[in-house]
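Single-letter residue listing:
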Amino acid sequence: ASPLRTYVDVPDVRGGSGWGFNWVEAAIEVVLGWSSLEGLRPTLILCYALGPLGVYLAARAGYRAQPVAAAAAALWVLNPINLNFASVAFAGHAASLALLPFALGLTLAVVDTPGPRAAAGAALALCGLLLTYYTAGATLWAAMAAPAVLAALWQRPARLRGLLAPAGVAGVLVLALA
């Protein structure tokens, strides 16, 4: 287990978060007039369906090559653990796996084009990740984002100065919303 998990997955950090999937499921059920039983499976399938799109966007932001991004999305679809989470009702896990690539891709977008708008998008994706029950997803995000961000900054060190304000915006949003 990651040593970061002991710092992230505690009530003082999580607060009352952890029920994001249930909120989304409840909203879908209210809008469509479904019962809890009727709404669970479609919400899980929605999470499963969002995964490849997020992986495609993250790979596109990281590698800048459409064939690589398409291959990454195809591998995501073929990975049996993603389908398993969606089919056996591991709701928080399925939601975290759907949001993780979006959070990573938007983080890479902030490094590529720093600004408050990009930082807000990355912060909202990270907040969503923190609110989807499986808070260790934020640890996975950190483990994947840190090397990618460091590599991008190594290639373009002038970007570091431009990232200070967006990082502040993202930090404030994460603290306020999660």
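Keep in mind that this is a model prediction, so the values were computed, not measured.

Draft legend 1. Region of the structure containing the overall build of the chain. Along its length, the chain carries 10 helices and zero strands. Counting across all 178 residues of the chain, residues that qualify as buried make up 37%. Residue pairs at least 24 apart in sequence account for 69% of intrachain contacts in the chain once pairs closer than 6 positions are excluded. For the chain, the accessible surface area stands at approximately 10,000 Å², while carbon and sulfur atoms represent 73% of it.

Draft legend 2. Expanded view of the nonpolar core. Residues F21, L44, C47, V55, W76, F85, A91, A94, A95, L97 and A98 constitute the largest nonpolar core, which totals 11 residues. Those elements that provide at least two residues to this core are α4 (36-63) and α7 (91-112). A per-element tally of this core places α7 first, with five residues. When residues no more than four places from it in sequence are discounted, the contact partners of F85 are L44, F90, H93, A94 and L97.

Draft legend 3. Quick peek at unusual backbone geometry. If you check the backbone angles, R64 has positive phi at about 60° while not being a glycine. Note that R64 resides in the loop between α4 and α5 (66-78). On the basis of relative accessible area, R64 is assigned to the partly exposed category, the value being 44%.

Draft legend 4. Examining the environment of A98 more closely. Take A98: it is sitting in helix α7. For the pair A98 and L44, spaced 54 residues apart in the sequence, the C-alpha separation amounts to 9.9 Å. Leaving out residues up to four positions away in the same chain, A98 has contacts with C47, L50 and G51.

Draft legend 5. A look at the pattern of salt bridges. Applying the stated rule across the entire model yields one salt bridge. Between R64 and D112 there is a salt bridge, and its shortest N-O distance comes to 2.9 Å. Of this pair, R64 sits in the loop between α4 and α5 while D112 sits in helix α7, placing them 48 residues apart in sequence. Residue classification places D112 among the partly exposed positions, given a relative accessible area of 24%.

Draft legend 6. Fine view of α7. Taking 1.5 Å of rise per residue, 22 residues should cover 32 Å, and α7 covers 32 Å from first to last C-alpha, within 8% of that figure. Approximately 25° is the largest bend angle found in α7, and it occurs at L99, with the proline P101 only one to four residues beyond. Within α7, 17 of the 22 residues are buried, leaving the element largely enclosed by the surrounding structure.

Draft legend 7. Structural view of the packing of α4 against α7. Between α4 and α7, the least distance of the axes is 8 Å, while the angle of their chain directions is 20°. Considering their axes alone, α4 and α7 lie roughly parallel with respect to each other. Read as a crossing pair, α4 and α7 show a hand that is left-handed. Contact residues: α4 offers L44, C47, L50, G51, L53, G54, V55, L57, A58, A61 and G62, while α7 offers A91, A94, A95, A98, P101, F102, G105 and L108. Of the residues contributing to the contact of α4 with α7, the split by class is 15 nonpolar, four polar and no charged.

What counts as what
- Residues numbered from 1 in each chain as written.
- Predicted model: local features only at pLDDT ≥ 70, side-chain atom pairs only at ≥ 80, totals over all residues.
- Heavy atoms only, no water.
- Helix = DSSP H or I, 4+ residues; strand = E, 2+ residues; numbered from the N terminus.
- Buried < 20%, exposed > 50% of the residue type's maximum accessible area, 1.4 Å probe, protein only.
- Contact = heavy atoms within 4.5 Å.
- Areas by Shrake-Rupley, 256 points an atom, 1.4 Å probe, with all protein chains shown as cover.
- Core = buried A, V, L, I, M, F, W, Y, C linked by side-chain atoms within 4.5 Å.
- Salt bridge = Lys/Arg side-chain N within 4 Å of Asp/Glu carboxyl O.
- Expected span 1.5 Å × (residues − 1).
- Bend = angle between axes of the 7 residues up to and from the residue.
- Axes fitted to C-alpha atoms, helices over the stretch in contact; angles between N-to-C directions.
- Parallel < 35°, antiparallel > 145°, perpendicular 65-115°, else oblique.
- Left-handed = near helix turned anticlockwise from the far one by under 90°.
- Nonpolar A, V, L, I, M, F, W, Y, C, P; charged D, E, K, R; others polar.

Shape descriptors only; they carry no functional weight alone.
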